Amino acid sequence: ALPIYPHQGLGQPQLANYVPAVLFPINWLTVILPPAWWDLIYLLDWFLAAYFVSLICRMFGAGRWGAIVGGAAMFAGGFFPAYLEIRSIVGTVASFPALIYAIERALRQPGWKWQSVFVGAATYALATGGHPSPALFGLALAMAFLAIRIAASPGLFRPALRRVLPAMVCGGLLAAPLLLPFADHMFRGSVPIHTPDRGLEHFPWQGLALTVFPFLYGPMNFTVWGPLHAGLTWVPASVTCLGFFGLFELGKKKRALVALVVPVLLVAAKNFGVPFINDIGRLPLLRELTIMYSVGFVWMTLAILAGVGLSRIAARPLRQWGVPLLVWLTYVGVMLSVGASTVHEALPLLQREPWRFPHYNAAVASGLFWAIGDRKSTRLNSSHVSESRMPS
């Protein structure tokens, strides 16, 4: 085993290097923690992401149990396990739900004492978390969320102008020491190492099958497509099912949820290579970024939708579940066909590496189990979980 050198970076311009993220508050724990405990920082990033997702679920009307489900769903997706030890990515992505929560609470509660501090701190954490790609995407999504909220509710324009935007600007100014390194990375450092089509990279659309059948194409970092995709698109079928129910809650009464879901759906479309939308990766700035890092924001939103979806199951009578269940079962059938076809195309690889077959069989069996089990469990929830037990 290699020894740990906690002072290896002495003499290097770490402020100009986004990987150490020395300005990110969570990373300051390295000052007081022994080097052998530094892995706790990665876990703390993951926990904070789940915690703020649960707070957002509660604010969006998911209730106590919906908030628990939303937070737990954050521990079930593939993004954080894949990037857990790359804190320049995970730390940045984990700051995003904190900023969304701060913005929404500031808009809803004008008397919130700490609104300016919280919004500014969350913006600062997002900017200093490390990697410039997810930082830029997270800021763009937060601004899109705020813009849609204002467009849907014009009465929020003055509160946003007076309370939210100034705090975000102050948080950004605190992170100003990273602006020059960021510009250097974009216009000089990334040019020789990134291919001209970097911004056009995307996940195979067949990866959507992993939202019902995780590990269908192999374990993480050993999928049939190689380590590039690293199982980042897998998520348990139960989370996806509840997310489908959450989508049916979009409407006038859930304007904040709409403001979050709409821009994130565009990000998801880019990540899966939807024609025309994927071409935004040709733009001068975006073509230097690894846009697939933004998949973490997509799965956060799916976790929030799962929490909201559980509240719908508890609050709505059984007769109103027909359309969501039909859409869900149709999606399961389509994804099963897509997955089987993709595996058939990769049959030579599976034959060379027969250890992949147990993963395939287990993925199909477990995915169908959850797909069918979710349908039955929703009926049980209707009789055992009432709206009164899930306060909004």
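In short, a report on the structure. If you're wondering where the values come from, they're calculated on a predicted model, not measured in any experiment.

Regarding the overall build of the protein chain
If you tally the helices and strands in the protein chain, you get 14 helices and zero strands. Start at the N end of the protein chain and walk to the C end: the helices and strands fall as α-α-α-α-α-α-α-α-α-α-α-α-α-α. Scored against the burial criterion, the 392 residues of the protein chain give a buried share of 52%. Of all intrachain contacts in the protein chain linking residues separated by at least 6 positions in sequence, the fraction that spans at least 24 positions is 78%. Here the protein chain has roughly 18,800 Å² of accessible surface; of this, 68% comes from carbon and sulfur atoms.

Overview of the packing of helix H4 (residues 87–108) against helix H11 (residues 295–315)
Following both chains from N to C, one finds H4 and H11 inclined at 40°, their axes separated by 10 Å at the closest point. Looking at the two axes, H4 sits oblique to H11. H4 and H11 meet at a crossing whose hand is right-handed. Of the residues in H11, those touching H4 at Val93, Ala94, Phe96 and Pro97 are Gly296, Phe297 and Met300. Taken together, the residues of the contact of H4 with H11 break down into six nonpolar, one polar and no charged.

Things to note about empty space enclosed by the protein
For the structure on display, the rule yields five cavities of 30 Å³ or more. Estimated volume of the largest cavity: approximately 80 Å³. Taken together, 13 residues form the lining of the largest cavity, with Ala73, Met74, Gly77, Trp299 and Met300 sitting closest to its centre. Broken down by element, the residue count for the lining of the largest cavity peaks at five residues, all from H11. Residues of the lining of the largest cavity, tallied by class, amount to 11 nonpolar, two polar and no charged.

Considering the nonpolar core
Judged by nonpolar contacts, the single largest core of 101 residues is most densely connected at Phe60, Phe79, Phe80, Ile103 and Leu216. Apart from the residues lying within four places of it in its own chain, the contact partners of Phe60 are Glu104, Arg108, Lys254, Ala256, Leu257, Leu260, Ile304 and Val308.

Some points on unusual backbone geometry
The residue Phe215 is not glycine, and still its phi comes out positive at about 65°. Here Phe215 shows up in the loop between helix H8 (179–189) and helix H9 (237–247). For Phe215, a relative accessible area of 30% translates into the label partly exposed. In this model, Phe276 sits at a positive phi of 75°, which is unusual for a non-glycine residue.

Observations regarding the environment of Cys57
The residue Cys57 is located in helix H1 (residues 39–59) in this model. Ignoring any residue separated from it by four or fewer positions in sequence, one finds Cys57 in contact with Ala62, Gly63, Gly66, Ala67, Gly70, Ala303, Ile304 and Gly307.

Description of H4
Taking 1.5 Å per residue, 22 residues should reach 32 Å; H4 reaches 32 Å between its end C-alpha atoms and fits that length. The buried fraction of H4 is high, at 20 of 22 residues.

Comments concerning the packing of aromatic side chains
Within the structure shown, the criterion is met by 18 aromatic pairs. An angle of 70° between the planes, with centres 6.4 Å apart, marks the rings of Tyr101 and Trp112 as edge-to-face. Of this pair, Tyr101 sits in helix H4 while Trp112 sits in the loop between H4 and helix H5 (115–128), and the two are 11 residues apart along the sequence. Note on Tyr101: relative accessible area 9%, which makes it buried. Put simply, the rings of Trp46, Phe75, Phe79, Phe80, Tyr83 and Tyr293 pair up and form one aromatic cluster.

Calculation rules
- Residues numbered from 1 in each chain as written.
- Predicted model: local features only at pLDDT ≥ 70, side-chain atom pairs only at ≥ 80, totals over all residues.
- Heavy atoms only, no water.
- Helix = DSSP H or I, 4+ residues; strand = E, 2+ residues; numbered from the N terminus.
- Buried < 20%, exposed > 50% of the residue type's maximum accessible area, 1.4 Å probe, protein only.
- Contact = heavy atoms within 4.5 Å.
- Areas by Shrake-Rupley, 256 points an atom, 1.4 Å probe, with all protein chains shown as cover.
- Axes fitted to C-alpha atoms, helices over the stretch in contact; angles between N-to-C directions.
- Parallel < 35°, antiparallel > 145°, perpendicular 65-115°, else oblique.
- Left-handed = near helix turned anticlockwise from the far one by under 90°.
- Nonpolar A, V, L, I, M, F, W, Y, C, P; charged D, E, K, R; others polar.
- 1 Å grid on protein atoms, 1.4 Å probe; cavity = no way out; pocket = protein on both sides within 12 Å on 5 of 7 lines; lining within 4 Å.
- Points joined across faces, edges and corners; volume = space filled by probe spheres on them.
- Core = buried A, V, L, I, M, F, W, Y, C linked by side-chain atoms within 4.5 Å.
- Expected span 1.5 Å × (residues − 1).
- Phe/Tyr/Trp six-rings, centres within 6.5 Å; stacked < 30°, edge-to-face > 60°.

So yeah, pure geometry; function would need other evidence.
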